[in-house]
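Below, each chain spelled out in residue letters.
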Amino acid sequence: IKDQLEKTKALNSSADSALAEAKENVFEFVKSELIKANTDTTSEEGLIAIAQNIEGVKQNLLDLANTQVEGQYLFSGSDSSVKAFTMDANGKVTYNGNDSLRKIAVDEGSYRESGVNGLELFYYTANSASKGETLTFEDGDRILDQEGNEWTLDTATNILSKKNWNGSFDTLTVTPPTAPATEYSVTVPNTDGTRFEAKRSVFDLLDDAVSSLKGLDSSGNATLTYEQRRAGISSAQDEIDKANNNVSIAHADLGARNKTFNNSLDIIESKISQYNKTYTEIGSSNLTEVGIKLKSLELMFSALYSTISQTNQLSLVNY
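Residues numbered from 1 in each chain as written. Predicted model: local features only at pLDDT ≥ 70, side-chain atom pairs only at ≥ 80, totals over all residues. Heavy atoms only, no water.

(A) Spatial organisation of the sheet that holds strand β12 (residues 169-173). Taken in spatial order, the 6 strands make up an open sheet running β7-β14-β9-β10-β11-β12, and their pairing is antiparallel. Looking at strand neighbours, the two that pair on one side only are β7 (123-130) and β12, the edges of this open sheet. When strand polarity is set aside, the average angle formed by the axes of neighbouring strands in this sheet is 30°. With 3 bridges joining them, strand β10 (residues 150-154) and strand β11 (residues 159-163) adopt antiparallel strand pairing. What sits directly across from Leu153, in β11, is Leu160. Running at roughly 105° to β7, helix α5 (residues 226-283) makes contact with β7 and β14 (195-201) of the sheet. (Pairing = 2+ DSSP bridges. Helix = DSSP H or I, 4+ residues; strand = E, 2+ residues; numbered from the N terminus. Axes fitted to C-alpha atoms, helices over the stretch in contact; angles between N-to-C directions. Contact = heavy atoms within 4.5 Å.)

Encoded structure:
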């Protein structure tokens, strides 16, 4: 258990460093670049330069998201052998991990969750809606309900569906976007306690920001007007704040979990020290003397047991 805790501590330390670098060198940098872009003094050439800078840090963020130690990917969820994120030829980044965490033994029969997964880190809440309200989301967003169940969008039928434990499906009809809009909409079931969230990838956010900076529409054509570009940049500026807050919360969760493992390691090391002390004391004992004392204790116990047995047999008659 101690060896496993020490290994987990090293993995968590690497994850902590990767998140600190992502917050400082990616999120804060992108935020400052978007603020710079969202001014009247920034020229056309300046917007293109900012777009190129953001494209560069997107690759840096992808590298951090795929941080691995000893062949284990830190942010892929419970299966650390899976590469957390991959990027296709069009620059689209996809999360390949799951929404679970690795469970590590901290004592005999006791386990704790370790690390953070890619969904916690690099997907932020873009929109949310409660019962009876309308949720808007984009293709590529991950839709989760209040119980953490994921609803999948079929763009061919415009149906949002969730698979139940018994194999059946719950479905909702989705209203598709009308160009030039890109957002779908769905009415959340009118049931008490129901709440839906649209989780959006930070990588998609960076792609949208780059498109706005370059004046590209959803098809990749340079058709956006100046006003549309400025609106897209302003939207990206708001969204990067959400993403930054989300990764800060995930970083704090990681710190709390790390503290648990550090405390568990201290407890295990204390136990081992006590075991070693006891072992040393026993090993240095005079075995002949121990045997004599043990025999004496056995005789004393036999005599005591005999006396108790006789006492229990006494009565007022034979007393």
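Next comes the rest of the description.
(B) Highlighting the side chain of Arg257. Position of Arg257 among the secondary structure elements: in helix α5. For Arg257, a relative accessible area of 19% corresponds to the buried category. Discounting residues that sit within four places of it in the chain, Arg257 has contacts with Leu101, Glu113, Gly115, Val116 and Glu120. (Buried < 20%, exposed > 50% of the residue type's maximum accessible area, 1.4 Å probe, protein only.)

(C) A look at the packing of helix α4 (residues 202-214) against α5. Where α4 contacts α5, the axes come no closer than 8 Å and their chain directions differ by 155°. By the angle class used here, α4 and α5 are roughly antiparallel. The chirality of how α4 crosses α5 is left-handed. Between α4 and α5, the contacting residues are Val202, Leu205, Ala209, Ser212, Leu213 and Lys214 on the first element and Arg229, Gly232, Ile233, Ala236, Glu239, Ile240 and Ala243 on the second. (Parallel < 35°, antiparallel > 145°, perpendicular 65-115°, else oblique. Left-handed = near helix turned anticlockwise from the far one by under 90°.)

(D) Summary view of the layout of surface pockets. The volume enclosed by the largest pocket comes to roughly 1200 Å³. Lining of the largest pocket is provided by 32 residues; of these, Glu138, Thr182, Asp208, Asp217 and Ser218 occupy positions nearest its centre. Of all the secondary structure elements, the ones that give two or more residues to the lining of the largest pocket are β13 (183-187), α4 and α5. Per-element accounting of the lining of the largest pocket gives the leading share, 8 residues, to α4. Class assignment of the residues belonging to the lining of the largest pocket gives a composition of 11 nonpolar, 9 polar and 12 charged. Computed from the structure, the second largest pocket encloses a volume of approximately 260 Å³. Along the walls of the second largest pocket sit Asp99, Asn117, Leu119, Glu120, Tyr123, Arg142, Leu144, Gly148, Glu150, Glu197, Lys199 and Asn246, which together make up its complete lining. Looking at the lining of the second largest pocket, the elements that each hand over two or more residues are α3 (118-122), β9 (142-145) and β14. Across the lining of the second largest pocket, the residue classes tally to 3 nonpolar, 3 polar and 6 charged. (1 Å grid on protein atoms, 1.4 Å probe; cavity = no way out; pocket = protein on both sides within 12 Å on 5 of 7 lines; lining within 4 Å. Points joined across faces, edges and corners; volume = space filled by probe spheres on them. Nonpolar A, V, L, I, M, F, W, Y, C, P; charged D, E, K, R; others polar.)

(E) Structural detail: the environment of Ala181. Following the sequence through the fold, Ala181 ends up in the loop between β12 and β13. Its relative accessible area of 45% is what places Ala181 among the partly exposed residues. As for Ala181 and Glu269, which are separated by 88 residues in sequence, their C-alpha atoms are 59 Å apart.

(F) Quick look at unusual backbone geometry. Phi at Glu70 takes a positive value of approximately 55°, unusual for a residue other than glycine. For Glu70, the location among the structural elements is in the loop between β1 (68-69) and β2 (72-73). Even without being glycine, Asn158 reaches a positive phi, approximately 55°. Examined against the element boundaries, Asn158 turns out to sit in the loop between β10 and β11.

(G) How the structure looks around the pattern of salt bridges. Here the structure, examined in full by the defined rule, presents 19 salt bridges. Measuring nitrogen to oxygen at the nearest pair gives 3.5 Å for the salt bridge that ties Arg257 to Glu120. Residue Arg257 is found in helix α5, and its partner Glu120 is found in helix α3; the two are separated by 137 residues along the sequence. What makes Glu120 partly exposed here is its relative accessible area of 23%. Lys293 serves as the salt-bridge partner of Glu289, at 3.3 Å between the closest nitrogen and oxygen. Of this pair, Glu289 and Lys293 both sit in helix α6 (residues 287-313), 4 residues apart, which is roughly one turn of that helix. Residue classification places Lys293 among the exposed residues on the basis of a relative accessible area of 51%. Within this structure, Asp141, Arg200, Glu239 and Lys242 form a network of salt bridges that share partners. (Salt bridge = Lys/Arg side-chain N within 4 Å of Asp/Glu carboxyl O.)

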